[in-house]
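# Inside the fold
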Amino acid sequence: MNIEEKIEILKKVSIFSEADEKIFYGLAGASQEVEILKGKKIFQKGDEGDALYILVDGTVRIHDGNHVLAKLGQGEVFGEYALIDKEKRSATVTAEEKCRLLKIFQSDFYGIAEGNRNILRGVLKVLIGRMREMNELEEKLSRSYLKIQKQKEQIEARNQSIKDQKAQLEQQNYDLTKLNEEKNHLISILVHQIKNPLTSSLCLIDMLKEEDG
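Presented here is an overview of the structure given in this document. (Residues numbered from 1 in each chain as written. Predicted model: local features only at pLDDT ≥ 70, side-chain atom pairs only at ≥ 80, totals over all residues. Heavy atoms only, no water.)

### Let's talk about the overall build of the protein
Each helix and strand in the protein was counted, giving four helices and eight strands. Here the protein, with 213 residues, has 27% of them falling under the buried criterion. Restricting the contact set of the protein to residue pairs at least 6 apart, pairs at least 24 apart contribute 75%. When the accessible surface of the protein is totalled, it reaches about 15,100 Å², and 53% of it is carbon and sulfur. (Helix = DSSP H or I, 4+ residues; strand = E, 2+ residues; numbered from the N terminus. Buried < 20%, exposed > 50% of the residue type's maximum accessible area, 1.4 Å probe, protein only. Contact = heavy atoms within 4.5 Å. Areas by Shrake-Rupley, 256 points an atom, 1.4 Å probe, with all protein chains shown as cover.)

### Structural notes on the sheet that holds strand S7 (residues 92-95)
Pairing between the strands of a sheet comes from backbone hydrogen bonds, and it takes one of two forms, parallel or antiparallel. Strand order in the open sheet formed by four strands is S2-S7-S4-S5, and the pairing between neighbours is antiparallel. Of all strands in the sheet, those with a lone pairing partner are strand S2 (41-43) and strand S5 (67-72), marking the two edges. Going across the sheet, the axis of each strand differs from the next one's by a mean of 30°, ignoring polarity. (Pairing = 2+ DSSP bridges. Axes fitted to C-alpha atoms, helices over the stretch in contact; angles between N-to-C directions.)

### Considering the pairing of S5
Alignment of strand S4 (residues 60-64) against S5, held across five bridges, turns out to be antiparallel. Considered in S5, the bridge of Asp64 is made with His67. Linkage of S4 to S5, two consecutive antiparallel strands, is achieved through a turn of two residues, within which Gly65 is found at a positive phi near 70°.

### Observations regarding the packing of aromatic side chains
Given two aromatic rings, one states the distance between the centres and the angle between the planes to describe the pair. Under the definition given, this model contains five aromatic pairs. Geometrically, the ring pair formed by Tyr53 and Phe78 is stacked, given 5.3 Å between the ring centres and 5° between the ring planes. On the criterion of sequence distance, the pair formed by Tyr53 in strand S3 (residues 51-57) and Phe78 in strand S6 (residues 77-78) is long-range, its members being 25 residues apart. Taken as a pair, Tyr53 and Phe78 share a single burial class, namely buried. Members of the aromatic cluster, each reached through a chain of ring pairs, are Phe16, Phe109 and Tyr110. A cation sits over an aromatic face here: Arg89 above Phe43, 4.0 Å from the ring centre. (Phe/Tyr/Trp six-rings, centres within 6.5 Å; stacked < 30°, edge-to-face > 60°. Lys NZ or Arg CZ within 6 Å of the ring centre and 35° of its normal.)

### Observations regarding the packing of helix H2 (residues 21-30) against helix H3 (residues 106-113)
At their nearest, the axes of H2 and H3 sit 10 Å apart, and the two run at 160° to each other. Considered as vectors, H2 and H3 are oriented roughly antiparallel to each other. H2 and H3 meet at a crossing whose hand is right-handed. Residues Ile23, Gly26, Leu27 and Ala30 of H2 form the contact with H3, whose participating residues are Asp108, Phe109 and Ile112. Looking at side-chain class alone, the contact of H2 with H3 contains five nonpolar, one polar and one charged residues. (Parallel < 35°, antiparallel > 145°, perpendicular 65-115°, else oblique. Left-handed = near helix turned anticlockwise from the far one by under 90°. Nonpolar A, V, L, I, M, F, W, Y, C, P; charged D, E, K, R; others polar.)

### Some details on the nonpolar core
Ranked by internal contacts, the top residues of the largest apolar core, which has 26 residues, are Phe16, Leu27, Ile54 and Phe109. Mapped by element, the contributors of at least two residues to this core are helix H1 (3-11), H2, S3, strand S8 (99-105), H3 and helix H4 (117-212). With five residues, the single largest contributor to this core is H2. The contact partners of Phe109, leaving out residues within four places of it in the chain, are Phe16, Leu27, Leu83, Ile104, Ile119, Leu120 and Val123. If you look at the next biggest cluster of nonpolar residues, it comprises 15 residues, including Leu55, Val60, Ala91 and Val93. (Core = buried A, V, L, I, M, F, W, Y, C linked by side-chain atoms within 4.5 Å.)

Quick look at the structure:
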């Protein structure tokens, strides 16, 4: 990839939107073309952040373990916070397919941007914009969490009501079973009481018949 091709790519990157024309020649000269095979990690969570990456071709997956945070395609940028500091990477980036990248090291960027407020203003503008987007997303997630928490409490309350109704039904069923058992027991006693006099009378009649005979 020659300088002109790199400049065309760099001009489309939002983070450099306010850079002067001459700055692009410096950035293009400092950028390194890198190819990454499918499935290979470009950097890993916990690595020191020392460079920014621009996707020329291909797609990458930004993830934390198995949790996918985002997927980026042609012309998109990642690792941009490395232009500000060398904090550890907050996520892993893996190539979804064979990728071609432009890599700009922090040290090279500082050398090019020194004394040029426009490029620094552009970088900060984009980073602040992303922070605002993250704050908005965090607020949405918080509202969603509260909504889900409320729904959960309502479901738990309904479940408790259902449990109480179930317990009441079970108690009523138990009471009915006991009543039925007591009823059957009482009927058996009554039958027994009725049966005994009848048996005695029949025995007495038989005895009388024998005496008459």
